[in-house]
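Results of the structural survey
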Amino acid sequence: MMELARCVFILTLLFWLLNNTFSALGHEEVRKHNYTVYHKLSHHTEYSKRGEIVVITSRAIAEYSGPEDALSNFDMTKNMGENELYLVKIVDNENLNHVTKSFTKLCLLKSSNFEDEIIIHLDKNNELFHFDYYTSSDQCNNTINQHTGVFKTNVQTIKAVNGVVPKLNKAVPLREDGTVEKPPEEKSFIQKYWWYFIPLAIILLTGGPPEEPQQGGQQQQRGGQAARPVRQ
């Protein structure tokens, strides 16, 4: 009966744990962090808004959205020099002082037909601390579609992880003549704590307390004495 009750208790506990686990997964709180993306050319004085990035911190993924006329302030038909830079910055909407920046050559962006990639680096709290900006082309060329003018942006996230702790070895001691001095051998557990075994050994050698006489034998002895006939 006790075994049956124990099995029922264990099964009930497992069912309760599984039910709570699935409920927590099904009602996972979706936390988001919003960032605004700005851009400009190197000869411009002010940044203009390019789009927004939403980082789903509970899953460490990001989504980008931006208007189709994000390049309306840029005159891409001009033949600008190869050293003209395209600058991008991302501002944390919850902390406007947290700004990260990156850049590339404008000719690379135009050669890529405005296909670019933003790689978001997240810290252990899933907050942006750095981003990389790349274009799909790594070489400038003259065959550029001047009528594209729409960004095709891919956003990825990389979350920081704890690195491997290096194992540092102790320096090898050397004698004055340059030979290696062997360190003393480490004692075993018994060599270190042998005195703990002394009381146990004494108990085992001396044995336990003397056995008490059985009550049944005493009763029989008394009963025998009581049955002895009395001489007249």
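These lines cover the structure that appears in this document, whether it is placed above or below. (Residues numbered from 1 in each chain as written. Predicted model: local features only at pLDDT ≥ 70, side-chain atom pairs only at ≥ 80, totals over all residues. Heavy atoms only, no water.)

1. Re the nonpolar core
- By size, the foremost hydrophobic cluster in this structure holds 24 residues, and its most contacted members are Ile53, Tyr86, Ile90, Ile118, Ile120, Tyr133 and Phe151.
- Among the secondary structure elements, those contributing two or more residues to this core are strand E1 (32–41), strand E2 (48–56), strand E4 (85–92), helix H2 (106–111), strand E6 (115–122) and strand E7 (128–135).
- The residues contacting Tyr133, other than those within four sequence positions of it, are Arg50, Tyr86, Val88, Ser102, Thr104, Leu109, Asp116, Glu117, Ile118 and Phe151. (Core = buried A, V, L, I, M, F, W, Y, C linked by side-chain atoms within 4.5 Å. Buried < 20%, exposed > 50% of the residue type's maximum accessible area, 1.4 Å probe, protein only. Helix = DSSP H or I, 4+ residues; strand = E, 2+ residues; numbered from the N terminus. Contact = heavy atoms within 4.5 Å.)

2. Topic: unusual backbone geometry
- In the Ramachandran plot, Asn113 falls in the positive-phi region, its phi being about 55° despite a non-glycine side chain.
- Structurally, the position occupied by Asn113 is in the loop between H2 and E6.
- Phi is positive for Phe114, close to 65°, though the residue is something other than glycine.
- Along the chain, Phe114 turns up in the loop between H2 and E6.
- For Phe114, a relative accessible area of 3% translates into the label buried.

3. Looking at the pairing of strand E3 (residues 61–65)
- Where E2 lies against E3, five bridges are found, and the strand directions are antiparallel. Among the inter-strand pairings, Ile53 is bridged to a residue of E3, identified as Tyr64.
- Counting the residues that bridge the hairpin from E2 to E3 gives four residues, and of these Ala60 lies at a positive phi of roughly 60°. (Pairing = 2+ DSSP bridges.)

4. Some details on the packing of aromatic side chains
- Tallied over the entire structure, the rule returns three aromatic pairs.
- For the pair Tyr86 and Tyr133, a centre-to-centre distance of 5.9 Å together with 45° between the ring planes defines the contact as tilted. Here the residue Tyr86 occupies a position in strand E4, and Tyr133 occupies one in strand E7, the gap between them amounting to 47 residues. The pair formed by Tyr86 and Tyr133 is uniform in burial state, with each residue classed as buried.
- Consider the rings of Phe114 and Phe151, whose centres lie 5.9 Å apart with planes at 80°: the pair is edge-to-face. Remark: Phe151 occurs in the loop between E7 and strand E8 (152–159) and Phe114 occurs in the loop between H2 and E6; sequence separation between them is 37 residues. When sorted by exposure, Phe114 lands in the same class as Phe151, which is buried.
- Clustering of aromatic rings is evident, with ring pairs tying together Tyr86, Phe114, Tyr133 and Phe151.
- Directly above the aromatic system of Phe151 lies the positively charged group of Arg50, at a separation of 3.7 Å from the ring centroid. (Phe/Tyr/Trp six-rings, centres within 6.5 Å; stacked < 30°, edge-to-face > 60°. Lys NZ or Arg CZ within 6 Å of the ring centre and 35° of its normal.)

5. What about the side chain of Arg50?
- Counting through the fold element by element, Arg50 comes out in strand E2.
- Classification of Arg50 as buried rests on a relative accessible area of 0%.
- A polar contact is formed between the side chain of Arg50 and the side chain of Tyr86, at a distance of 3.0 Å.
- At a separation of 2.5 Å, a polar atom in the side chain of Arg50 contacts the side chain of Asp116. (Polar contact = N/O pair within 3.5 Å; in protein donor to acceptor, adjacent residues only side chain to side chain.)

6. Points about the pattern of salt bridges
- Considering all chains together, one arrives at two salt bridges under this definition.
- In this structure, the salt-bridge partner of Glu52 is Lys49, at a minimum N-O distance of 3.1 Å.
- A relative accessible area of 32% means that Glu52 is categorised as partly exposed.
- Close ionic contact of Arg50 with Asp116 constitutes a salt bridge, the shortest N to O distance being 2.5 Å. Taken as a pair, Arg50 in strand E2 and Asp116 in strand E6 lie far apart in primary sequence, 66 residues in all. An identical accessibility class is assigned to Arg50 and Asp116; each is buried. (Salt bridge = Lys/Arg side-chain N within 4 Å of Asp/Glu carboxyl O.)

7. Observations regarding a nonpolar patch on the surface
- A grouping of Val172, Leu174 and Val180 is seen on the molecular surface, where their side chains present a nonpolar patch of about 280 Å² in accessible area.
- Tracing the backbone shows Val180 in the loop between E8 and helix H3 (189–192).
- On the basis of relative accessible area, Val180 is assigned to the partly exposed category, the value being 49%. (Patch = residues over 30% accessible without salt bridge, like charges linked within 9 Å, V, L, I, M, F, W, Y side chains within 5 Å. Areas by Shrake-Rupley, 256 points an atom, 1.4 Å probe, with all protein chains shown as cover.)

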